[in-house]
Amino acid sequence: MVKTKEAVELVGRIKDLLWEKKAENVVALDLRAVSESLDYFVVASATSTPHLQALERHVQEKLEEEGLRPRPTEGQSPRWVVLDYGEVVVHLMTPEAREYYDLEGFWADAERL
């Protein structure tokens, strides 16, 4: 299976941006083999709601400087933020929301990058 070079590079860039702001448990999943409609997820935990907002702001600002803007999403919450960059969707969550929704468990068959 050929990986989309730009999407894989974006996954790496997002992971770096999240680590810069001390995101916890950053995981990237390649969903292409297990989903017909999804390509890549990056999932990360924040230690608090302000940390969650700081992670969201940092990723958005840095990628916007590179000409990338997320697609509009609805239903943001103080526990879970979604940034949709097309092939790459970022899920920023509090540890409680991450444990409850268990995206990695749901997509357990996906390859980790």
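Going by the structure above, here's the rest.
The following refers to the structure shown. (Residues numbered from 1 in each chain as written. Predicted model: local features only at pLDDT ≥ 70, side-chain atom pairs only at ≥ 80, totals over all residues. Heavy atoms only, no water.)

### What to know about the environment of M93
If you trace the backbone, M93 turns up in strand β4 (residues 88–93). Relative accessible area serves as the criterion here: at 1%, M93 is assigned to the buried category. Through-space distance from the C-alpha of M93 to that of P50 is 12 Å; in sequence the pair is 43 residues apart. What M93 contacts, discounting residues up to four positions off in sequence, is V43, A44, S45, A46, L52, R79, W80, R98, Y101 and L103. (Helix = DSSP H or I, 4+ residues; strand = E, 2+ residues; numbered from the N terminus. Buried < 20%, exposed > 50% of the residue type's maximum accessible area, 1.4 Å probe, protein only. Contact = heavy atoms within 4.5 Å.)

### Concerning the packing of aromatic side chains
The geometry of two aromatic rings is summed up by the distance between their centres and the angle between their planes. Scanning the model with the defined rule gives four aromatic pairs in all. Consider the rings of Y100 and Y101, whose centres lie 4.9 Å apart with planes at 85°: the pair is edge-to-face. Under the relative-accessibility criterion, Y100 is labelled exposed at 63%. When the ring of F106 is compared with that of W107, the centres are 5.1 Å apart and the planes differ by 85°; the resulting orientation is edge-to-face. (Phe/Tyr/Trp six-rings, centres within 6.5 Å; stacked < 30°, edge-to-face > 60°.)

### Digging into unusual backbone geometry
A positive phi angle, close to 65°, is found at K22, a residue other than glycine. Turning to its location among the elements, K22 is positioned in the loop between α1 (5–20) and β1 (24–30). Residue D102 is not a glycine yet carries a positive backbone phi of 45°. Take D102: it is sitting in the loop between α3 (95–101) and α4 (103–106). In this structure D102 comes out as partly exposed when scored by relative accessible area, which is 38%.

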